Amino acid sequence: MRKTTLLPPLLLVQLLSLWFPLLLSSQDFSYSESNRSFTVNYFAPPSNSASTENAPKWRYFLETGDGHYHMGTLSTEVGKSTRIEHTYREGGNYEVSLFLSPMYALANTKEKVSKTISVGSGSSSAKVDYNLENSHIHLVSNANEEAIANHKMRFALHHNRYPGASEGGYLIFFYNHIDDSDLLGFDPFIDLEDEGLYYQEAGGAKMERVSGPLIDVQNRLNSTGAFLFKQTNNDYNDAIVFRSHKLTGNESRRAFFSLQVNPKVDYKRQKNYKLQLAAVWIPDDGAISEAKNLAGYELKVERIHDPNKIEVTPRVAYYRKGYPKELNYKIIFKNTGRGQVRHSKIGVSITQDLLLDSLKLMPELVKPFCRECEEGFDEFDDRCIEIEKLSYPLQDSVYFSYYNIGLNKREEGEIAFSILSRDRRPANSKVDGQVVFRGGKPDPLRAAKVQWRHKSLHFHIGYLINQSLTEFDHVYPADFTDRLLNNFSLGLEYQNAALGTGRSWGYGVKYTPFHFRREFSAFDQTYLQVDTFTLRNIDVYAMAGYQFKNSIRVKATGGVALPVLGDLTVDGLFDATRDRSSAQFGVLQSTTAPAFYNQELSIQKAVPGFSGSLGVEFGEVHSAVVGIRQEIRIYPKFYHGKCATISNTEIYLRFKLSAIGGKW
């Protein structure tokens, strides 16, 4: 079974607060013993401009900590709390968790609030009834039977003891159906094992999560149970297994656990997929039937989760001067009223980096089918769209007037159009608008935005200062004159960067020379040896950065350092006798042992190492910048056979050679 690591709770709450305007406080929910009920304070609904009956709302799933739960929908009335009645059988401390699940795609994750409550006394008559629908196993979820990309869903898996069944058995939940994975091209669910919990009504450890190969579980089952297990298991890639102990009478229990919908599902919303889940309850002994011991559950990958929105392809476009890009927009709207819509008007605002005159309707993608209006049309004879383009100083607009649409309640309509970008460099191109059904109120459309990026090849020239070499004693930079003429670095870099504020990444290759002297003496300074060496290094690296308004970029690199050519000269002075020898130690050179005072020096070939840097750039990041960065290179084995670290500061100029791509 696959595992995934959850974000730390504090970080999760911080991230969610960026996306949802929730009115969180220390009193998200509370319990009153006198009223025997929970009170969930008001939560603002997920941000949504739509005013229809399908506007987002929070669906709650409250686990009370004693093996029970309650589900429902929180009030959307400002300031109004929600009351949930619950009586505890025994007094004590209970860990209570409130899971909040938005029903719409705009809210792309789920909030969770947990706290410990103290109950002074219980009631022997406390009871929560669950409808198992005349079965021995039942599966429910707060997902509202909708699979929404990246959402975490909470499940309650019921099982009970029935006449003739033993007091123990295996409760198995299956997910990632083979057909679903093949259809999507990936597994649709992620198992959040660390968030899994399981409870039972009475005290004591009577349920446990079972790990290990599923074949071990199958081998412990009786023949009927093994057949049902194998038949179900063959259809799924993954499973979660619980072991239930000491069931008494007709006791029922529940296991609670979470799954997360794979974020990739978002790209499959167009197809109305249905995802399949299943669970089986197999007692150690007793009658087992597919009808009562197997539960199925189906989740729809909704085509749209919001009433109205605008989709755009591509979501990321690459700019290249002289090559306008064609963008395709699809407007999706839904009739959420009570009657049939005959006429509608859809207004769309377009940023002026898009060429309004190039806008063309795509009739093959319009739904319901229609034709463009002709002069003198009879609006009561046929479905028809009129297009009106309006140009304004700051923002252009287009209006699609849809006649005789005949859209029934909860039916969807679509309008699609193509438009060219202008020959300018925008950070993004935003399109939004509203839909008006005749006789109704305007309903804002969810906006769509294209992020513009730029791919280009750049030339790099730099100068190295503050060179240092560690793991050596008595090492100094080469003479100033030598460094002045030979400390230039040269390179090429490919970058993929946002036009404006955003992330950038790329690859590069760079040539860097290094020059050092090493001096040491012995025998009361009657012996002096000077090593002078030059290293010509090639770095092959990956780059990642973040830029601010196309003028400042923080940048880091990491890669491989290749000591390609290394030249060593050894000078010695001993009792007024001088000697000199030379050697080569680069990875592309053959290394020979030089003779020095009639003795062979031990010189070893350097091996490739690692390089990294961190710095900042200023200027037009897509054209030319000046930058400064701190670099480090670590070689596991240098010419003396030990590890060596070279660090330096580089001041550099980088400018664009040519743009790459951008043509469609």
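Values in this document were obtained by computation on a predicted structure and should not be read as measured data. (Residues numbered from 1 in each chain as written. Predicted model: local features only at pLDDT ≥ 70, side-chain atom pairs only at ≥ 80, totals over all residues. Heavy atoms only, no water.)

K.L.:
I would appreciate a short explanation of the overall build of the chain in the present structure.
P.N.:
Secondary structure assignment for the chain yields six helices and 39 strands. Of all 664 residues assigned to the chain, the portion counted as buried reaches 49%. Here the chain has roughly 31,300 Å² of accessible surface; of this, 51% comes from carbon and sulfur atoms. (Helix = DSSP H or I, 4+ residues; strand = E, 2+ residues; numbered from the N terminus. Buried < 20%, exposed > 50% of the residue type's maximum accessible area, 1.4 Å probe, protein only. Areas by Shrake-Rupley, 256 points an atom, 1.4 Å probe, with all protein chains shown as cover.)

K.L.:
Any chance you could explain the sheet that holds strand β13 (residues 207-210) here in plain terms?
P.N.:
Picture the strands of a sheet paired through backbone hydrogen bonds; they go either parallel or antiparallel. One open sheet holds the five strands; their spatial order is β13-β14-β10-β16-β17, and the pairing between them is antiparallel. The outermost strands of the open sheet, each flanked by one partner alone, are β13 and β17 (294-300). Geometrically, the sheet is characterised by an average inter-axis angle of 20 degrees between neighbouring strands, direction not taken into account. As defined by bridge partners, β13 adjoins strand β14 (residues 236-244) across four bridges and the pair is classed as antiparallel. Each residue of the ladder has a partner; that of M207, found in β14, is S244. Together, β10 (169-177), β14, β16 (274-283) and β17 form the strand contacts of helix α4 (residues 223-233), whose direction differs from that of β16 by roughly 165 degrees. (Pairing = 2+ DSSP bridges. Axes fitted to C-alpha atoms, helices over the stretch in contact; angles between N-to-C directions. Contact = heavy atoms within 4.5 Å.)

K.L.:
Quick question: what am I supposed to make of the pairing of β14 here?
P.N.:
Most of β14 sits out of view: eight of its nine residues are buried. Here β10 runs beside β14; their pairing, made up of eight bridges, is antiparallel. Note on β14: the bridge partner recorded for F174 is A239.

K.L.:
What exactly am I supposed to notice about the side chain of R629 here?
P.N.:
Looking at the element boundaries, R629 is found in strand β38 (residues 624-635). In this structure the side chain of R629 is engaged in a polar contact, spanning 3.4 Å, whose partner is the side chain of E631. If near-sequence neighbours (up to four positions away) are discounted, R629 is found in contact with H460, K510, K555, T557, S613, L614, G615, N648, T649, E650 and Y652. (Polar contact = N/O pair within 3.5 Å; in protein donor to acceptor, adjacent residues only side chain to side chain.)

K.L.:
Sorry if this is basic, but what is going on with the sheet that holds strand β5 (residues 82-85) here?
P.N.:
Reading across the sheet, the three strands line up as β1-β2-β5 and stay open at both edges, with antiparallel pairing between neighbours. The open sheet has two edge strands, β1 (29-32) and β5, and neither has a second partner. On average, each strand axis in the sheet is tilted by 20 degrees relative to the strand beside it, whichever way the strands run. Note: strand β2 (residues 37-40) against β5, four bridges, orientation antiparallel. Across the sheet, the residue bridging to F38 is I84, located in β5.

K.L.:
I'm lost on the nonpolar core in this one. Help?
P.N.:
One recurring pattern in soluble globular proteins is that nonpolar side chains are buried together. With 50 residues, the main nonpolar core has L157, I172, F173, F189 and L299 as its most contacted residues. Within the second largest apolar cluster, 35 residues are counted, among which are I350, C370, I405 and W452. (Core = buried A, V, L, I, M, F, W, Y, C linked by side-chain atoms within 4.5 Å.)

K.L.:
Help me understand the environment of F610 in this model?
P.N.:
Mapped onto the secondary structure, F610 falls in strand β37 (residues 609-620). The exposure class of F610 is exposed, given its relative accessible area of 56%. Separated by 35 residues in the primary sequence, F610 and T645 have C-alpha atoms spaced 9.6 Å apart.

K.L.:
I keep staring at the confidence of the model for the chain and nothing clicks. Help me out?
P.N.:
Parts of the model with low pLDDT should not have their predicted coordinates read in detail. When pLDDT is averaged along the chain, the result is 83; 86% of the residues meet or exceed 70. Taken together, the stretch residues 1-27 has pLDDT below 50 and engages in 47 contacts with residues farther than four places along the chain or on a different chain. Every residue in residues 48-53 scores below 50 in pLDDT, and together they form 18 contacts with partners more than four places removed in sequence or on other chains. (pLDDT = per-residue confidence, 0-100.)

K.L.:
Mind showing me how you'd approach unusual backbone geometry here?
P.N.:
In most cases, non-glycine residues show a negative phi, while peptide bonds are predominantly trans. Residue T313 is joined to P314 through a cis peptide bond whose omega torsion reads -5 degrees. Mapped onto the elements, P314 comes out in the loop between β18 (309-313) and β19 (316-318). Positive phi, close to 55 degrees, is recorded for N134, a residue that is not glycine. Here N134 lies in the loop between β7 (111-119) and β8 (137-141). By relative accessible area, which is 66% here, N134 ends up exposed.

K.L.:
What should I look at first to understand the pattern of salt bridges in this one?
P.N.:
Should their charged atoms come close, side chains of opposite charge can pair. Summed over the entire model, instances satisfying the criterion amount to 21 salt bridges. K127 is paired through a salt bridge with D129; the nearest N and O atoms lie 3.7 Å apart. Given the relative accessible area of 62%, D129 is considered exposed. The residue R629 makes a salt bridge to E631 at a minimum N-O spacing of 3.4 Å. Judged by its relative accessible area of 4%, E631 is buried. Within the structure, one salt-bridge network assembled from shared partners comprises K510, D539, R629, E631, R633 and E650. (Salt bridge = Lys/Arg side-chain N within 4 Å of Asp/Glu carboxyl O.)

K.L.:
I keep staring at the packing of aromatic side chains and nothing clicks. Help me out?
P.N.:
Tallying each qualifying case throughout the model produces 35 aromatic pairs. For the pair F638 and Y639, a centre-to-centre distance of 6.0 Å together with 55 degrees between the ring planes defines the contact as tilted. According to the relative accessible area criterion, F638 is buried, its value standing at 0%. Residue classification places Y639 among the buried positions, given a relative accessible area of 3%. (Phe/Tyr/Trp six-rings, centres within 6.5 Å; stacked < 30°, edge-to-face > 60°.)

K.L.:
Looking at this structure, I do not really get α4. What am I missing?
P.N.:
Side chains of residues three or four places apart in an α-helix project in the same direction, reflecting 3.6 residues per turn. Within α4, the full set of buried residues consists of G225, A226, L228, F229, T232 and N233. The buried residues of α4 all sit within an arc of 165 degrees when viewed along its axis, so they share a single face. Exposed residues pointing more than 90 degrees away from the buried face of α4 are listed as S223 and F227. Contacts made by the buried residues of α4 are with β10, α3 (214-220), β14, β16, α5 (290-293) and β17. (Arc of directions from axis to C-beta.)

K.L.:
Would you mind going over the pairing of strand β28 (residues 443-470) with me for this structure?
P.N.:
Side chains on a regular strand alternate between the two faces of the sheet. In this sheet, β28 lies alongside β19 in parallel orientation, the contact comprising three bridges. Within β28, the residue paired with A317 across the bridge is W452. Pairing of strand β27 (residues 428-437) with β28, which is carried by seven bridges, proceeds in the antiparallel orientation. Within the sheet, the bridge partner assigned to S429 lies in β28 and is V450. Hairpin geometry of β27 and β28 is characterised by an intervening segment of five residues between the two adjacent antiparallel strands and by a positive phi of about 95 degrees at G439. Sheet topology note: the β28/strand β30 (residues 488-498) ladder contains eleven bridges and is antiparallel. Within β30, the position partnered with I461 by the bridge is L490. With 13 bridges connecting them, β28 and strand β39 (residues 644-659) associate as antiparallel partners.

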